[in-house]
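Each chain, written out:
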Amino acid sequence: MATYCVRRYLSLLKGRVSLGWQKRKFADSARSDEAPDPTAVVTDLCRSRHFITGEQVEKDSLLAGWHGYGPLGMVLRRNLAEQWWRSMTTSRGQVFGLSTLHQAGSGGRKALKLVDGEALAVILKEKGQSVEQLTAEVERLLGASATLRTELLQGAVGEQRAPSRPLLPVRLFGALEQYAHSLSLVNRKLPFGLAEMGVCYQPAAPDSEGTTRTGEAMLASLVWFSSPRTAGQWLDFWVRHRLQWWRKFATGASNFSSSDFQDECGTKGTRLYYSFPWGREPIETLQSLGDRELLETHQDNRAKLQCRDERKTVIPHVLSVSGNMDRGVLAYLYDSLQQLKKVDSKQRLHQRKVLKLHPSLAPVKVALDMGRGPTLELRQVCEGLLQELLEEDIAVWPGYLETMQTSLEQLHSKYDEMGVLFTILLSDSTLENGLIQLRNRDTSIKEVMHISHIKNFLIKYILAAENV
């Protein structure tokens, strides 16, 4: 009887232990199934894979322009800017490029100033000055200091105004100023446009301590001059054109949208947005400004501004298209990141992160690596293939130079997070018969191809993606 009781007690105890273990297993499984914060996932990946650099890489700092770019991020932004420029200058005839200074004259009292710190320190340390004298000296220094260009319409020249125009760049003033000089290029015939791209400066709202920090943004601007008769039609055309362009490179095209607005001055326009996890943020703004800004820039000199619209002489209306390339980079990083679940050979669940950037935007098109085989001979083949691809302007990651041994699975995970389109693996069979292994980032499919066909295959693949 005593033996039965002991066995019964041990059986119940074992059942409780088993039940407790199952509960813990279920709880661990539930925690593992919880969706991670997408913002944290993107920022961690951007830092670890050298897309974005900075002391604090988080949502607010990214939107304010308080970050820099690593090697991959720099190439990604450059690729996006090149695609923007190409789309603007080749989509219509008569679009000309401009380049204006980052700084200009003294500007107004509310302008963003570039002040000599040493000169300011000398003024502040000078003893025996009254408050009025000190104020006069500081204002004199500010008046003599250059004005940095910002996102606002008048930017580096004159007073800031129209704060409701968040993406209208200072470079618009440069285009308006250059309008009269550009008339000879088109024989005073409408329509035509002036395009420009460069860094502008963004003063952010003061923090809790009253400190204002200035961010930077790469802005791209097209100023389109057309007759008053067709201004509305051109606004509709450019809205459709720009929305299609942004969606062209996206994996989730529906995340890019448009919305009409009207600012405090009564000027109508359209903003293009990307839907981030925290909400929509503007990436490009289009506004029909009429002729007011042009007349103000040139002191109402109508004779100087007149153009031909068929048989009539008119003052053109101005359409502004202003895009933020940094916010565009951020949008495509969020858009392209996919997290895929995968079970390994030991039935362990892994989450695979893939940055499915469009082939035209991906910073690295191909990664070159070596498998088993004679190291010296394989490296020589890799060097030859590397030079052949670089001559065709195909960005290559020389993975074969890596000295630390890693498994193929780790290697593929690394390249997927970098957004590399293809991974080429050379082995001893390459030396014997010229065959290499080619892995596709988007499908994970590996295929065998002769090394002599690689260059043409990649060229056709990239061109086909650009022409979609």
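Scroll up to find the structure.
Residues numbered from 1 in each chain as written. Predicted model: local features only at pLDDT ≥ 70, side-chain atom pairs only at ≥ 80, totals over all residues. Heavy atoms only, no water.

### Focus: the pairing of strand S8 (residues 214-226)
Here S8 lies mainly inside the structure; eleven of its 13 residues are buried. The sheet contact formed by strand S7 (residues 192-203) and S8 spans twelve bridges and is antiparallel. When the bridges of S8 are listed, glutamate 196 appears paired with serine 221. Pairing geometry for S8 and strand S14 (residues 317-324), over eight bridges, is antiparallel. Along S14, the bridge assignment pairs valine 223 with serine 320. (Buried < 20%, exposed > 50% of the residue type's maximum accessible area, 1.4 Å probe, protein only. Helix = DSSP H or I, 4+ residues; strand = E, 2+ residues; numbered from the N terminus. Pairing = 2+ DSSP bridges.)

### A word on the environment of glutamate 177
Here glutamate 177 is to be found in helix H7 (residues 171-182). You can call glutamate 177 partly exposed: its relative accessible area is 40%.

### A closer look at the pattern of salt bridges
For the structure on display, the rule yields 14 salt bridges. A salt bridge links glutamate 388 to lysine 455, with the shortest nitrogen-to-oxygen separation between them at 3.8 Å. Residue glutamate 388 is located in helix H12 (residues 375-391), and its partner lysine 455 is located in helix H15 (residues 454-466); the two are separated by 67 residues in the primary sequence. Taking relative accessible area as the criterion, lysine 455 reaches 23% and is therefore assigned partly exposed. Residues joined by salt bridges that share partners form a network here, namely Arg229, Asp309 and Glu310. (Salt bridge = Lys/Arg side-chain N within 4 Å of Asp/Glu carboxyl O.)

### Considerations on the packing of helix H5 (residues 117-125) against helix H6 (residues 131-144)
It is the contact of H5 with H6, at a shortest axis distance of 10 Å, that shows an interaxial angle of 170 degrees. Between H5 and H6, the angle is such that the two are roughly antiparallel. Every residue of H6 that contacts H5 at Ala119, Leu120, Ile123 and Leu124 is listed here: Leu134, Glu137, Val138, Arg140 and Leu141. (Axes fitted to C-alpha atoms, helices over the stretch in contact; angles between N-to-C directions. Parallel < 35°, antiparallel > 145°, perpendicular 65-115°, else oblique. Contact = heavy atoms within 4.5 Å.)

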